[in-house]
Amino acid sequence: MEEDYGAFIEDRRAEILQRVDASLAVSGRARDEAELVAVSKTVGLMQVLAAIDAGYRVFGENRPQELHRKLEGLDLVQEARPVRFDMIGNLQTNKINAVLGRVELIHSIGTMHLAEAVSSRASRRLDAGELAAPQRVLIEVNVSGEETKGGFSPDELRRSMDELQSLCGIRIEGLMTMAPRGDKSRARACFAGLRELRDELRVSSGLELHELSCGMSEDYEIALEEGSTIVRLGRVVFDPSFEVL
Ligand SMILES: *Cc1c(COP(=O)(O)O)cnc(C)c1O
């Protein structure tokens, strides 16, 4: 069973990389201009280890407790093959301290309240020498305007940029969004909208905002064609029953 899974995840990775390359070529980019985050939130340690063997180095979790379980379980392999974890989901303010310094990037700062809370805790930890560098974060934007989705609306973000930029303890590296499901043209419009908003804010804020975290199992190729720099892939990486079309 484990051997089969290892073979599956390797073959699947080869296929994903081929598609990533083709999509990046559409936007005139090379392999190293996009990062693959393997979203491990629904799988166990065995699958994560198989993914490390297959070549994945960045993982995404959305619950601090599960993040800890994985970090503890991986302790032995960390040194030989450094892997990193990102926080990709809704982060409650009372869980911030549990992820600060343990994750490389927090993708999902979706409200000013959360930004301020991460900022104040990170500042305190930096002052105490418990955090080596400001926490890298992305701002989540609700580009599609769907009510069920979190994040700043584009207008809200335009209005909030000055305040966000003034927060200590965090480094805003770019934007993140989730596209509407099941509609490729709406997904494309959403990713293009994120890129255009980034281009606009880059000029108005002076921040580089290099990262665009967008694209999941069903739409990562479209996202990469539209300029995504980080795709977050769950089922397509880990689930043998997910069909690659
Ligand atoms: C679960 C999750 C993903 C991965 O979704 P798949 O469709 O399985 O690729 C990506 N981003 C976020 C924020 C998620 O919660």
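Residues numbered from 1 in each chain as written. Predicted model: local features only at pLDDT ≥ 70, side-chain atom pairs only at ≥ 80, totals over all residues. Heavy atoms only, no water.

Looking at an unreviewed UniProt entry, one finds the protein named Pyridoxal phosphate homeostasis protein and attributed to Collinsella intestinalis. Checking UniProt for the protein, the heading Function (unreviewed entry) contains the comment "Pyridoxal 5'-phosphate (PLP)-binding protein, which is involved in PLP homeostasis." (UniProt positions renumbered as here; feature names shortened; annotations may be inferred.)

## Concerning the site of the ligand
With respect to spatial proximity, the complete set of residues near the ligand consists of Val39, Lys41, Ile88, Met176, Met178, Arg181, Met216, Ser217, Arg232, Leu233, Gly234 and Arg235. One of the backbone nitrogen or oxygen atoms of Gly234 is found 2.8 Å away from an oxygen atom of the ligand. If the ligand stood free it would expose 390 Å²; the protein chains cover 90% of that surface. Looking at the shell around the ligand residue by residue, the class counts come to six nonpolar, two polar and four charged. (Near = heavy atom within 4 Å. Polar contact = N/O pair within 3.5 Å; in protein donor to acceptor, adjacent residues only side chain to side chain. Areas by Shrake-Rupley, 256 points an atom, 1.4 Å probe, with all protein chains shown as cover. Nonpolar A, V, L, I, M, F, W, Y, C, P; charged D, E, K, R; others polar.)

## Description of the UniProt feature "modified residue: N6-(pyridoxal phosphate)lysine" (unreviewed entry) in the protein
On the UniProt side, "modified residue: N6-(pyridoxal phosphate)lysine" (unreviewed entry) is annotated at positions that read Lys41 here. Mapped onto the fold, Lys41 is located in the loop between strand 1 (35–39) and helix 2 (45–54). Non-local contacts of Lys41, meaning those with residues more than four positions away in its chain, are made with Gly60, Glu61, Asn62 and Glu66. (Helix = DSSP H or I, 4+ residues; strand = E, 2+ residues; numbered from the N terminus. Contact = heavy atoms within 4.5 Å.)

## What about the nonpolar core?
The nonpolar side chains of a soluble globular protein tend to be buried, and buried together. With 69 residues, the main nonpolar core has Phe59, Leu157 and Leu164 as its most contacted residues. A per-element tally of this core places helix 1 (residues 2–26) first, with seven residues. Among residues more than four places away in sequence, those in contact with Leu157 are Ile139, Val141, Phe152, Leu164, Leu175, Leu197 and Leu201. Val37, Val58, Leu105 and Leu138 belong to the second largest nonpolar core, which has six residues in total. (Core = buried A, V, L, I, M, F, W, Y, C linked by side-chain atoms within 4.5 Å. Buried < 20%, exposed > 50% of the residue type's maximum accessible area, 1.4 Å probe, protein only.)

## Description of the pattern of salt bridges
Under the definition given, this model contains 22 salt bridges. A salt bridge links Lys149 to Glu146; the nearest nitrogen and oxygen atoms lie 2.6 Å apart. Take Glu146: its relative accessible area is 21%, and that puts it in the partly exposed class. Residue Glu218 is joined to Arg181 by a salt bridge in which the shortest nitrogen-to-oxygen separation is 3.8 Å. One end of the pair, Glu218, is in the loop between strand 7 (211–213) and helix 8 (220–225); the other, Arg181, is in the loop between strand 6 (170–176) and helix 7 (184–205), with 37 residues separating them in the sequence. (Salt bridge = Lys/Arg side-chain N within 4 Å of Asp/Glu carboxyl O.)

## Quick look at the pairing of strand 8 (residues 230–233)
Burial along strand 8 is two-sided: Ile230 and Arg232 facing one way and Val231 and Leu233 facing the other are all buried. Summarising the sheet, strand 1 and strand 8 pair through four bridges and their orientation is parallel. By the bridge assignment for strand 8, Val37 is matched with Arg232. (Pairing = 2+ DSSP bridges.)

## Details of the packing of helix 6 (residues 154–165) against helix 7
Working note: a packed helix pair is described by the angle between its axes plus the distance between those axes. Taken N-terminus to C-terminus, the directions of helix 6 and helix 7 make an angle of 35°; their axes are 11 Å apart at the nearest point. Relative to helix 7, helix 6 is oriented so that their crossing is right-handed. Contacts between helix 6 and helix 7 involve Pro154, Leu157, Arg158, Met161 and Gln165 on the former and, on the latter, Leu197, Glu200, Leu201 and Ser205. Grouping the constituent residues of the contact of helix 6 with helix 7 by class yields five nonpolar, two polar and two charged. (Axes fitted to C-alpha atoms, helices over the stretch in contact; angles between N-to-C directions. Left-handed = near helix turned anticlockwise from the far one by under 90°.)

## Let's talk about helix 7
Its 22 residues place the ends of helix 7 31 Å apart at the C-alpha level, agreeing with the 32 Å of an ideal helix rising 1.5 Å per residue. Along its buried surface, helix 7 packs onto helix 6, strand 6, strand 7 and helix 8. Looking one or two places after helix 7, you find Gly206, whose phi comes out positive at around 80°. (Expected span 1.5 Å × (residues − 1).)

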